[in-house]
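Here is what each chain is made of, one letter per residue.
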Amino acid sequence: MLRTLKVIRLQLINKQTYIWVPLIILGGSLLISILISMMIPIDTPKYGGGSQAPLWYFLFVGIQALTMTFPFSQALSVTRREFYLGTLITAALTSAILGVIFIVGGLIELATGGWGVNGWFFHLPWIWEAGPLAAGFVYFTLALFIFIVGFTCATIYKSWGTMVLTLIGLGLGLILVGLVYLTTRFELWGNVWTGILDLGALGLALWGLVAIAIMAAISFLAFRRAIP
């Protein structure tokens with residue numbers, strides 16, 4: 001456990017990767033969204049999707065977490081299991097920080113009427129319908145899921161190379177197209193949207209934890225073969 005904590009410290013040596021850059025992206029996106037809301041001459045609520053900006057950055061954080069620090073960790077006598085666990089804990093902590101910021105930002109928007117311009121960046125109705133804690137949990141799950149996707153791609157690349165990673169990506173793309181075709185062919189889109197609405201953002205986030213667990217297992221199996 002002590003070496004796992006050292007891995008967390010190792011990942012956070014460059015704090016800008018996990019902390020400052022996501023906060024800068026989030027703050028910059030918020031500022032731009034407020035300015036755009038000020039320029040829109042309507043009185044109805046103006047909802048924006050800018051709060052997802054730091055989430056996509058986490059895809060590259062997941063990639064860098066392996067490619068930049070894994071080789072160095074091997075020189076410190078850290079086992080692969082310890083490195084893997086410490087890296088996931090670091091990602092979970094950072095995702096939790098973003099989730100808390102999402103809650104605080106949404107509460108500020110409620111208190112100020114959307115920053116005084118009826119612009120809603122954090123407090124999106126569908127995500128907040130189950131309350132602030134649920135909204136923060138949804139944001140946390142999204143951040144961690146996107147991180148583990150990037151980390152899994154990096155482990156596959158480090159284990160089997162570009163060809164296998166490309167073939168897996170192509171295979172997943174074909175599966176997705178096949179699912180879309182079947183859903184369209186049998187006219188199931190109504191059922192799909194109804195199911196999504198019934199689950200709500202919180203229900204989808206809970207299923208997201210299942211997806212995270214599956215991706216984590218896949219990435220760990222690949223990581224055992226990863227070349228530093």
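In this text, all values refer to a predicted model and were calculated from it rather than measured experimentally.

## A look at a nonpolar patch on the surface
On the surface, Leu176, Val180, Tyr181, Leu182, Phe186, Leu188, Trp189, Val192 and Trp193 cluster together to form a nonpolar patch covering roughly 900 Å² of accessible area. Counting residues per element, the ones that place at least two in the nonpolar patch are helix H9 (162-185) and helix H10 (189-223). A total of four residues in the nonpolar patch trace back to one element, the largest contributor, which is H9. Structurally, the position occupied by leucine 182 is in helix H9.

## Some thoughts on H10
In this model, H10 (35 residues) spans only 37 Å end to end at C-alpha, well below the 51 Å of a helix rising 1.5 Å per residue. Looking at the buried side of H10, the elements it contacts are helix H3 (53-67), helix H4 (70-74), helix H5 (80-112), helix H7 (125-128) and helix H8 (132-160).

## Details of the packing of H3 against H5
Axis separation between H3 and H5 bottoms out at 11 Å; the angle between their running directions is 155°. Judged on the interaxial angle alone, H5 and H3 are roughly antiparallel. Between H3 and H5 lies a crossing of right-handed hand. Between H3 and H5, the contacting residues are Phe58, Ala65 and Leu66 on the first element and Phe83, Thr87, Ala91, Thr94, Ser95 and Leu98 on the second. Across the contact of H3 with H5, the residue classes tally to six nonpolar, three polar and no charged.

## Quick word on the nonpolar core
Formed by 43 residues in total, the largest nonpolar core has its most connected members in Phe58, Ile127 and Phe147. At the level of elements, helix H2 (15-39), H3, H5, H7, H8 and H10 are the ones that each hand at least two residues to this core. Sort the elements by how many residues they give to this core and H8 lands first, with 11 residues. The contacts of phenylalanine 147, once residues within four sequence positions are left out, are Tyr18, Phe58, Val61, Gly62, Ala65, Thr87, Leu88 and Ala91.

## Some points on the packing of aromatic side chains
Tallied over the entire structure, the rule returns 15 aromatic pairs. Taking the centre distance of 6.5 Å and the plane angle of 65° together, the rings of phenylalanine 58 and phenylalanine 147 count as edge-to-face. Linking phenylalanine 58 in helix H3 with phenylalanine 147 in helix H8, this pair joins segments that are 89 residues apart in sequence. The burial state of phenylalanine 58 is the same as that of phenylalanine 147; both residues are buried. These aromatic residues form a ring-pair network of at least three members: Phe58, Phe70, Phe83, Tyr84, Phe147, Phe151, Phe220 and Phe223. The ring of phenylalanine 223 has arginine 80 lying over it, and the distance from NZ or CZ to the ring centre is 5.9 Å. We note arginine 185 situated over the ring of phenylalanine 186; from NZ or CZ to the ring centre the distance is 5.7 Å.

Conventions and cut-offs
Residues numbered from 1 in each chain as written. Predicted model: local features only at pLDDT ≥ 70, side-chain atom pairs only at ≥ 80, totals over all residues. Heavy atoms only, no water. Patch = residues over 30% accessible without salt bridge, like charges linked within 9 Å, V, L, I, M, F, W, Y side chains within 5 Å. Areas by Shrake-Rupley, 256 points an atom, 1.4 Å probe, with all protein chains shown as cover. Salt bridge = Lys/Arg side-chain N within 4 Å of Asp/Glu carboxyl O. Helix = DSSP H or I, 4+ residues; strand = E, 2+ residues; numbered from the N terminus. Expected span 1.5 Å × (residues − 1). Contact = heavy atoms within 4.5 Å. Axes fitted to C-alpha atoms, helices over the stretch in contact; angles between N-to-C directions. Parallel < 35°, antiparallel > 145°, perpendicular 65-115°, else oblique. Left-handed = near helix turned anticlockwise from the far one by under 90°. Nonpolar A, V, L, I, M, F, W, Y, C, P; charged D, E, K, R; others polar. Core = buried A, V, L, I, M, F, W, Y, C linked by side-chain atoms within 4.5 Å. Buried < 20%, exposed > 50% of the residue type's maximum accessible area, 1.4 Å probe, protein only. Phe/Tyr/Trp six-rings, centres within 6.5 Å; stacked < 30°, edge-to-face > 60°. Lys NZ or Arg CZ within 6 Å of the ring centre and 35° of its normal.

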